[in-house]
Amino acid sequence: QGQFVLVPRNGDPYAFISTSFSCYKLREEMPWMKGKIFAPPAGLKWSSTIESLDTHMGMIMPIIKEHGYTEDCVVGLDGCSSELLVSEALHRQGIKNVANAQQMMFDARKIKNEDEISCVRMACASAEAAFDTIKRAIRPGVRECDLVGAGMKTLYELGADEVQEFVCASGPRTNPLHIDYTDRQIRPGDVICVDINGNSYQGYKSCYYRSFVCGKATSLQKEVYEQCRAMMYEGMKGIKAGNTTADITAGWPQSPSYWGYDKWLDVAGYALGHGLGISLHEAPNFFKPFTAPKNPEVLEEGMVLAVETWVGGEDPRYGKFGIRLEEDIAVTKDGYDLLTLYPVDEITECPL
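These numbers were taken from a predicted model, which means no experiment stands behind them.

1. As for the pattern of salt bridges
Here's step 1: Inspection of the entire model under this criterion finds 20 salt bridges.
Here's step 2: When the shortest N-O distance is used, the salt bridge between lysine 34 and aspartate 12 registers 3.2 Å. Of this pair, lysine 34 sits in the loop between helix H1 (23–29) and strand E3 (37–38) while aspartate 12 sits in the loop between strand E1 (4–6) and strand E2 (14–16), and the two are 22 residues apart along the sequence.
Here's step 3: Residue lysine 34 is classed as exposed on the basis of its relative accessible area, which comes to 58%.
Here's step 4: Between arginine 121 and aspartate 337 there is a salt bridge, with its nearest N and O atoms 2.8 Å apart. Of this pair, arginine 121 sits in helix H5 (residues 114–137) while aspartate 337 sits in strand E16 (residues 336–338), and the two are 216 residues apart along the sequence.
Here's step 5: According to the relative accessible area criterion, arginine 121 is partly exposed, its value standing at 33%.

The following block contains the structure:
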C-alpha cells in the first residue's frame, strides 16, 4: 500500500518501493531505472488524514514540476488504494485535475509484445505442471484446500513470483459454480473445477480452468463436458485480428434460460472473456448481452485473451455438477496462438 510509481508523460518512471530496506541496493540491482528508485515516504501505509501525506507531496510535486507542471495538467491515479486521500492532497498542492487512470492504463496494455506473450505462456506452462500435480492428488478424502496447496507448491517451485489463492470447487459446489475453495472432502464421482488464476511469471498472469472427475466419468458428465468445451471453442472461432468481440460471443447461447435463469446478470460468469496480462482481468472484456453485441471491440494482433464457459447438469447418481473450462490465447493476424496446452478434448479422469 505504501509503494507507488510516478510516470511522467515526457520522462522516465520514478519508483517508490520497499522490496529492500536500501533503495541504494535496489538501484544497483535495477540499473535500467537510472537511479530513480526511492524509499516510499513514511506514512502512506498508515495514512488516515490528508495532512499525513505532506511527506509524499514534498517528494512528488518537485518531479511533477520538473516535467512541465501547469495549472491545467492532469494527474491520473491507477490502482491507488488511498485514492480519495491522495486526490485531495494533490488538490491542495494546486493540481486541479485528478483523474482515475485505470481504463487508460488498460488501453495502453491491450497489445502485448513478444516478450510479454512469452511471459504469459510461461505462466500457463507452470499451471499445466500444477494441474498434473492436482490430478495425481485427487482421491477420496483429499480436501479442496489440500489440492490448492499442492498446486501452489508446484507453481512456486517453477519460479512463480506470485500465486494468488486459486479456485478449487468440487461436487455440488460446481453447480452453481463457486469461485473459491474450502475444506470440503472430495468423494468418488465428484467433478472438480480448478482455475489456476493469478499465477504470475515476471508479473504476467495465467487464468486457466480445467475440470477433473474423481474416478471414472459418467456418460452424462462426459456429455456436459463436451457441451462446455464446444461452446468455448465455438467462441474462439471468431478470434482473429480485425474481428470484434461480438464475433466471439455470436455463437453462444442467446438467452440465460440456457443455464436455467431468467436474467443475464444471473449467468454473468458462465460464458465470457477478458484480457490478460499484468492484471488478471484487463481490456477487452466481453459478455453476451452487454459488452460484445452493443459495444463490440476490434481485436488486434498481440492482444491476449482468456475465454471461459460453464455448463451444468444433474447426474442421477451424483447430483448436481458443473463443468468449467478456459483457454488463454494470443490474437494473431489469421486466428490465434493457443497458450494453454493441458488436455481439453475430454474430462480428465483420476482413477481410484
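2. Focus on the layout of surface pockets
Here's step 1: By volume, the largest pocket amounts to about 1,700 Å³.
Here's step 2: Lining the largest pocket are 43 residues; nearest its centre among them are Val5, Leu6, Val7, Gly76 and Asp78.
Here's step 3: Broken down by secondary-structure element, the contributors of at least two residues to the lining of the largest pocket are E1, helix H2 (54–66), strand E4 (74–77), helix H3 (83–92), strand E5 (97–100) and helix H4 (102–108).
Here's step 4: Sort the elements by how many residues they give to the lining of the largest pocket and H2 lands first, with five residues.
Here's step 5: Looking at the lining of the largest pocket residue by residue, the classes come out as 26 nonpolar, 13 polar and four charged.

3. Here's the deal with the sheet that holds strand E9 (residues 199–201)
Here's step 1: Spatially, three strands are ordered E6-E9-E10 in an open sheet, and the strand pairing comes out antiparallel. Where the open sheet ends on each side, the last strands, each with one partner, are strand E6 (162–163) and strand E10 (204–206).
Here's step 2: One ladder, built from three bridges, connects E9 with E10; its direction is antiparallel. Bridging from a neighbouring strand, serine 200 pairs with lysine 205 of E10.
Here's step 3: Where H5 meets the sheet, its contacts fall on E9 and E10, and the angle it forms with E10 comes to roughly 40°.

4. Here's the deal with the nonpolar core
Here's step 1: Within the largest apolar cluster, 39 residues are counted, with the highest numbers of intra-cluster contacts made by Ile239, Trp259, Leu305 and Ile323.
Here's step 2: Elements represented by at least two residues in this core include exactly strand E7 (167–170), strand E8 (191–195), strand E11 (209–214), helix H7 (219–236), strand E13 (282–287), strand E14 (304–315) and strand E15 (319–331).
Here's step 3: With seven residues, the top contributor of residues to this core is H7.
Here's step 4: In contact with leucine 305, not counting residues within four places along its chain, are Ile239, Ile248, His274, Gly275, Pro284, Phe286, Leu299, Glu327, Asp328, Ile329 and Val331.
Here's step 5: In terms of nonpolar packing, the next biggest core, distinct from the first, is built from 36 residues, Val120, Ala127, Phe131 and Cys214 among them.

5. Section: the pairing of E15
Here's step 1: Counted residue by residue, E15 has eleven buried out of 13 residues, so it is predominantly covered.
Here's step 2: Direction of pairing for E14 relative to E15: antiparallel, over a ladder of twelve bridges. The residue of E15 that forms the bridge with valine 307 is glutamate 327.
Here's step 3: Counting the residues in the hairpin turn of E14 and E15 gives three residues.
Here's step 4: In terms of strand pairing, E15 meets E16 through three bridges, oriented antiparallel. Paired with valine 331 across the strands is tyrosine 336, a residue of E16.
Here's step 5: Here E15 hands over to E16 after four residues, the two strands then running antiparallel side by side.

Thresholds applied
Numbering of residues starts from 1 in each chain and follows the order in which that chain's sequence is written. Selection of residues for local features in this predicted model requires a pLDDT of at least 70, selection of side-chain atom pairs for listing and counting requires 80 or more, and totals for whole chains, interfaces and linings are taken over all residues. With hydrogens and water set aside, each side-chain value is computed from the structure's full complement of heavy atoms. What counts as a salt bridge is simple: a side-chain nitrogen of Lys or Arg found within 4 Å of a carboxyl oxygen of Asp or Glu. The way it works is that DSSP assigns letters per residue, a run of H or I at least four long becomes a helix, a run of E at least two long becomes a strand, and they are numbered from the N terminus. Think of it in three bands: with a 1.4 Å probe and only protein chains considered, a residue is buried below 20% of the maximum accessible area for its type, exposed above 50%, and partly exposed in between. Residues are called lining when one of their atoms sits within 4 Å of a cavity or pocket point, these points coming from a 1 Å grid over the protein atoms alone, where a cavity is a set in which a 1.4 Å probe fits but cannot get out and a pocket is an open set with protein on both sides within 12 Å along at least five of seven lines. Grid points are joined across faces, edges and corners, and a volume is the space filled by probe spheres set on the points. Polarity classes work like this: nonpolar for Ala, Val, Leu, Ile, Met, Phe, Trp, Tyr, Cys and Pro, charged for Asp, Glu, Lys and Arg, and polar for all others, with Gly in that last group. Pairs of strands are assigned from DSSP output, requiring at least two bridges between the strands. Two residues form a contact once any of their heavy atoms are found within 4.5 Å. In this analysis an axis means a line fitted to C-alpha atoms, helices contributing only their contacting stretch, and an angle means the value between N-to-C directions, from 0 to 180 degrees. To qualify as a nonpolar core, a set must consist of buried Ala, Val, Leu, Ile, Met, Phe, Trp, Tyr and Cys residues joined through side-chain atoms within 4.5 Å.

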